[in-house]
Amino acid sequence: MELTDPADPRVEVYSRLTDAALRRRQDTEHGIFLAESSQVVRRALAAGHAPRSFFLAHRYLDSLADVFAAHPGVPVFTGPDDLLQQVTGFHLHRGALAAMDRPAPRSVDEVLAGARRVAVLENVSDHTNLGAIFRSAAALGVDAVLVSPESADPLYRRSIRVSMGTVFSVPWARVGEADGRGRAAWPGELERLRAAGFTVAALELAQDSVPLDDPALRGHERLALVLGAEGPGVTPETLAACDLTVAIPMAAGVDSLNVAAASAVAFWELRPRG
Ligand SMILES: C[S@@+](CC[C@H](N)C(=O)[O-])C[C@H]1O[C@@H](n2cnc3c(N)ncnc32)[C@H](O)[C@@H]1O
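## Notes on the environment of Leu-121
In this fold, Leu-121 is placed in strand 5 (residues 117-121). Look at Leu-121 and you get buried, because its relative accessible area is 0%. With 25 residues separating them along the chain, Leu-121 and Ala-96 place their C-alpha atoms 30 Å apart. Not counting residues within four places of it along the chain, the set of residues in contact with Leu-121 comprises Leu-130, Ile-133, Val-145, Leu-146, Val-147, Ser-148, Ser-151 and Leu-227.

## Let's talk about the sheet that holds strand 1 (residues 32-36)
Overall, mixed pairing links the four strands, which are arranged 1-4-2-3 in an open sheet. Both outer strands of the open sheet, strand 1 and strand 3 (76-79), are each paired with one neighbouring strand and no more. Adjacent strand axes in the sheet meet at a mean angle of 20 degrees, parallel and antiparallel pairs treated alike. Inspection of the sheet shows strand 1 paired to strand 4 (residues 96-101) by five bridges, in the antiparallel sense. Within strand 4, the position partnered with Glu-36 by the bridge is Leu-97.

## What about the layout of surface pockets?
In this structure, the largest pocket spans a volume of roughly 440 Å³. Secondary-structure elements contributing two or more residues to the lining of the largest pocket are helix 1 (20-30) and strand 7 (172-174). Element by element, the count of residues in the lining of the largest pocket is highest for strand 7, at three residues. Considered class by class, the residues forming the lining of the largest pocket number 10 nonpolar, two polar and five charged.

## With respect to the pattern of salt bridges
Enumeration according to the criterion identifies 13 salt bridges in this entry. Residue Asp-66 is joined to Arg-42 by a salt bridge in which the shortest nitrogen-to-oxygen separation is 2.9 Å. Pair noted here: Asp-66 is in helix 3 (residues 65-70) and Arg-42 is in helix 2 (residues 38-46), with a separation of 24 residues, a long-range link. Across the salt bridge formed by Glu-269 and Arg-218, the nearest N and O atoms sit 3.0 Å from each other.

## Details of empty space enclosed by the protein
Regions of empty space are outlined by a rolling probe, equal in size to a water molecule, passed over the atoms. Overall, the coordinates contain one cavity of 30 Å³ or more when judged by the stated rule. Computed from the structure, the largest cavity encloses a volume of approximately 50 Å³. Together, Arg-117, Val-118, Ala-119, Leu-140, Val-142, Leu-223, Leu-225, Phe-267, Leu-270 and Arg-271 line the largest cavity. Broken down by secondary-structure element, the contributors of at least two residues to the lining of the largest cavity are strand 5 and strand 10 (223-227). The leading source of residues in the lining of the largest cavity is strand 5, at three residues. Classifying every residue of the lining of the largest cavity gives eight nonpolar, no polar and two charged.

## Quick look at the site of the ligand
Lining the immediate environment of the ligand, one finds 18 residues, of which Leu-203, Glu-204, Gly-228, Ile-248 and Leu-257 sit closest. Within the backbone of Ile-248, a nitrogen or oxygen atom sits 2.9 Å from a nitrogen atom of the ligand. Separating a nitrogen atom of the ligand from a backbone N or O atom of Leu-257 is a distance of 2.9 Å. Burial of the ligand by the surrounding chains reaches 86%, relative to a free accessible area of 570 Å². Cavity membership is defined here by more than half of the atoms lying within 2 Å of grid points; on that basis the ligand lies in the second largest pocket. Put simply, the parts of the chain that give the shell around the ligand at least two residues each are strand 11 (244-247) and helix 10 (259-269). Broken down by class, the residue content of the shell around the ligand amounts to 12 nonpolar, four polar and two charged.

The rules behind the values
Residue positions are given per chain, counted from 1 along the sequence in the order it is written. With the structure being a predicted model, the display of local features is reserved for residues of pLDDT at least 70 and the display and counting of side-chain atom pairs for 80 or more, all residues being used for whole-chain, interface and lining totals. Just so you know, side-chain values use all the structure's heavy atoms and leave hydrogens and water out. What counts as a helix is a DSSP run of H or I of at least four residues, what counts as a strand is a run of E of at least two, and both are numbered from the N terminus. Note on classification: 1.4 Å probe, protein chains only; a residue is buried when its accessible area is under 20% of the maximum for its type, exposed when over 50%, partly exposed between these limits. We call two residues in contact whenever any of their non-hydrogen atoms come within 4.5 Å of each other. Strand pairing is assigned whenever DSSP detects at least two bridges linking the two strands. The axes are straight lines fitted to the C-alpha atoms, using for helices just the contacting stretch, and the angles between their N-to-C directions are given from 0 to 180°. Both cavities and pockets are sets of points on a 1 Å grid over the protein atoms alone; in a cavity a 1.4 Å probe fits but cannot get out, in a pocket the set is open with protein on both sides within 12 Å along at least five of seven lines, and lining residues sit with an atom within 4 Å of a point. Grid points are joined across faces, edges and corners, and a volume is the space filled by probe spheres set on the points. Any residue that is not Ala, Val, Leu, Ile, Met, Phe, Trp, Tyr, Cys, Pro, Asp, Glu, Lys or Arg is counted as polar, Gly included; the first ten are nonpolar and the last four charged. By convention in these notes, a salt bridge is any Lys or Arg side-chain nitrogen within 4 Å of a carboxyl oxygen on Asp or Glu. Here a residue is considered near a molecule or strand provided that any single heavy atom belonging to it is located within 4 Å of it. Any pair of nitrogen or oxygen atoms within 3.5 Å is treated as a polar contact; in protein, a donor-acceptor pairing is required on top of that, and neighbouring residues in sequence qualify only through side-chain atoms on both sides. We get accessible surface area from the Shrake-Rupley algorithm with a probe of 1.4 Å; when it comes to residues, only the shown protein chains can shield them. A pocket or cavity is taken to hold a molecule when more than half of that molecule's atoms are within 2 Å of the pocket's grid points.

Right, dumping it as structure tokens:
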């Protein structure tokens, strides 16, 4: 369908994509997420997500022709670059977008079932860091990711793209959302991990941290690694709720790693062996 008006209500879900806070609200209200780039669109479809519409520049139409043929009832919106840019607020240099049904949230119990290594993200509000952590989790043997209430949305467009679509393959759930009476359950819900037989370790530089290459760490059958935000790191309340603290020893003069870099190092070192 050729677009002639940037205010066409049929493509409202593609509007103002650079406003992350607005999108987080709107996408949840509309029950959608946006997949960006042909590769990520294909990965979302392969993971079983249902498209509502596609939105792309003329020159990318051929590259997804097989996808459109496989979804004959789903509208494909296209138009000149400048009109598409007026809708989205930025140049669509990655080609394709697709609005897809947001899946029902998974429960913590569901994603923990059978998991041996779990990453727990506390207040990781940066979409790039969150996406990069998911990519490392998928690549390095982490079976599930739990995200605290203040962490970014794994299904936000940028998280999905940076994760290279691995947010579709690594099981994840929100943990510690406020209950019906507004009582926050974070970090108290870490107790659920312990009850499920996990050792809960904060990845953080602290006085009493165990070095990451301590052989005893590899002996834990079920291990949950809690990662903190850039700046504050893992909060004192959460550190107190963990069984131990693990540090990646740093060279003199360097305070810490970026959280996504730290996750990759730790996931590799603590991967299940045997
Ligand atoms: C940039 S750090 C937070 C700042 C840090 N608390 C500081 O004192 O500068 C973000 C997160 O990355 C992880 N991290 C970074 N470097 C680390 C290290 N050397 N050892 C363990 N965790 C680390 C931790 O989970 C931390 O909460």
